[in-house]
Amino acid sequence: MDRVTKVTIQRDICLNLVVPLTATHDFIPLPPFPPIPPPLPGLPLSLAACALESPVNAWWPPGYALGGSQFTTSVFHQGMAICLAGHDCGKFIPHLQIAPAPNNMLTLVHIPFSSRKANFSASTVKMNGKPVAGMTAIAWPPTPMTYCANPISMPLADAPTSHLNTVTVHISLRDWLAGVFAVAAGMFLDALLFRWNGGTQGFGRDAGKIIAQSRGGATVAQLLKSKFIGQLLPGTQKAWQQWAVKQGVGVLVGAVQIGLTGEGSASVGLRIGGPFLSVTPSVSVSHTNSSGWGGKAGVSGQAGTASGKLDTSGAGVANNHPLGLGQDSISHQWGKGTTKTNTDISDPFNGFHNQTTTTGPDGKTTISNSRASSPLPNSL
């Protein structure tokens, strides 16, 4: 049986397959609390709290604005951009706590850090230089997305409306095995870190401490501050050890992908700050079947919707529209020159209209328009 999958485009709906669209999340009730909080049992609190997670389009505005989306810029299907490897619908996916009660303090953390991302890609089918994503769980081969959950992120999300598209790409057995390994490694890492931090009993103790210390929601603000702002460096030996394990697993996943498909990268980086304001020094190696091995070292940063990098390959800055309606970027490759790119996404409720204007190092400008008046060679 041929291993093919349908491409996923901007309008396609991505959702959790767990009926009814639920995901398990850790749970701490909102204040005010009783004067003397009851002891929290060592039960799996993280498995007792369920939330409805809203279906979203592959183009989810907050996800695009904060850099999670990976779309084509000059290759379109039905006039819409196509999802590429590493696509993530992104942050701020709506959650509605339904059990054990709709007053979960941690929902204030779950929503801004939510994720629904692609795990599989076709290394032999590239668009705009990147492999095309596979995001359909109910297909052959199954290429499920992963959604955020506690204590383990689950590969049980799907883009079912992708089946309405007519373009298919071939997923090789090696591509599929690389994706399976990445999913398994991610789940193993989640489980390991959960047990390392005390498992359900450890979470129960931490939850009880937060409740006992809370005064009119002060602990809620402290919790959010630590999550949003982050920290300069891991503060304890245990935190450094966990960072090392995370990096090791990431390098292993990249190495397996390169070994199986010949395409991929492996990197080690240390983020200083939080997910919305940070600087990350890193080193990486990569391999493609067309150009062989490469490597770079440098620093990248993010400040809200803006991002930048400076490394041994070049430098660049980009800024996304806060409503996810496009991006402006400028990049420079050492010895090759500067490229300016502007992407506009308009009319998202009437089929999308994508237009990318690129000015290369030679000063030549090209425009890719998903609604060109004449048939485009890059329209699939």
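Predicted model, so just to flag it, every value in this text is computed and none were measured.

**Focus on helix α7 (residues 237-261)**
Over its 25 residues, α7 runs 36 Å from end to end, which matches the ideal 36 Å to within 8%, given 1.5 Å per residue. Taken from the residues just after α7, Gly 262 is the one with a positive phi, measuring 80°.

**Digging into the side chain of Thr 261**
If you trace the backbone, Thr 261 turns up in helix α7. In this structure the side chain of Thr 261 is engaged in a polar contact, spanning 3.0 Å, whose partner is the backbone oxygen of Glu 263. Filtering out sequence-adjacent residues up to four positions away, Thr 261 remains in contact with Ser 123, Arg 174, Asp 175, Ala 178 and Asn 289.

**Describing the sheet that holds strand β4 (residues 49-53)**
Across the sheet, three strands lie side by side as β3-β4-β8; this open sheet has antiparallel pairing. Taken across any chain shown, the strands that pair with only one partner, and hence form the sheet edges, are β3 (22-25) and β8 (95-99). On average, each strand axis in the sheet is inclined to that of its neighbour by 40°, with strand direction left out of account.

**Quick word on the nonpolar core**
Residues Val 7, Cys 14, Phe 71, Ile 82, Val 132 and Met 135 are the most contacted members of the largest nonpolar core, which totals 34 residues. Only β6 (71-77), β7 (80-83), β10 (120-127), β11 (130-134) and β12 (145-147) provide two or more residues apiece to this core. The biggest single contributor to this core is β7, with four residues. Ignoring any residue separated from it by four or fewer positions in sequence, one finds Val 7 in contact with Asp 12, His 77, Ile 82, Val 132, Ser 162, Asn 165, Val 167 and Val 169. Core analysis: the second largest hydrophobic core is formed by 10 residues, Met 105, Val 109, Ile 210 and Ile 211 among them.

**Details of the sheet that holds strand β2 (residues 13-16)**
With antiparallel pairing, five strands are arranged side by side in an open sheet as β5-β2-β13-β12-β9. What marks the edges here is a single partner per strand, and that holds for β5 (56-57) and β9 (116-117). Direction of pairing for β2 relative to β5: antiparallel, over a ladder of two bridges. From the neighbouring strand, Cys 14 faces β5, where its bridge partner is Val 56.

**Side note on the pattern of salt bridges**
Going through the model one piece at a time under the given rule, you end up with four salt bridges. Glu 263 is the salt-bridge partner of Lys 126, the closest N and O atoms lying 2.7 Å from each other. Linking Lys 126 in strand β10 with Glu 263 in the loop between α7 and β15 (264-269), this pair joins segments that are 137 residues apart in sequence. Under the relative-accessibility criterion, Lys 126 is labelled partly exposed at 35%. For Asp 347, the salt bridge identified is with Arg 371, shortest N-O distance 3.5 Å. Of the two residues, Asp 347 is situated in the loop between β22 (337-346) and β23 (353-359) and Arg 371 in the segment after β24 (365-369); the sequence distance between them amounts to 24 residues. Take Asp 347: its relative accessible area is 32%, and that puts it in the partly exposed class. With a relative accessible area of 38%, Arg 371 lands in the partly exposed category.

**Notes on the packing of aromatic side chains**
Applying the stated criterion across every chain, the model contains six aromatic pairs. Between Phe 92 and Phe 276, the aromatic rings sit 6.2 Å apart at their centres with planes inclined by 40°, giving tilted as the arrangement. With Phe 92 in the loop between β7 and β8 and Phe 276 in the loop between β16 (272-273) and β17 (277-288), this residue pair connects regions lying 184 residues apart in the sequence. Geometrically, the ring pair formed by Trp 240 and Trp 243 is edge-to-face, given 5.7 Å between the ring centres and 85° between the ring planes. Taken together, the residues Trp 240 and Trp 243, both in helix α7 and three residues apart, mark about one turn of the helix.

Rules of the game
Residues numbered from 1 in each chain as written. Predicted model: local features only at pLDDT ≥ 70, side-chain atom pairs only at ≥ 80, totals over all residues. Heavy atoms only, no water. Helix = DSSP H or I, 4+ residues; strand = E, 2+ residues; numbered from the N terminus. Expected span 1.5 Å × (residues − 1). Polar contact = N/O pair within 3.5 Å; in protein donor to acceptor, adjacent residues only side chain to side chain. Contact = heavy atoms within 4.5 Å. Pairing = 2+ DSSP bridges. Axes fitted to C-alpha atoms, helices over the stretch in contact; angles between N-to-C directions. Core = buried A, V, L, I, M, F, W, Y, C linked by side-chain atoms within 4.5 Å. Buried < 20%, exposed > 50% of the residue type's maximum accessible area, 1.4 Å probe, protein only. Salt bridge = Lys/Arg side-chain N within 4 Å of Asp/Glu carboxyl O. Phe/Tyr/Trp six-rings, centres within 6.5 Å; stacked < 30°, edge-to-face > 60°.

Spatial relationships are all this shows, so hold off on functional conclusions.
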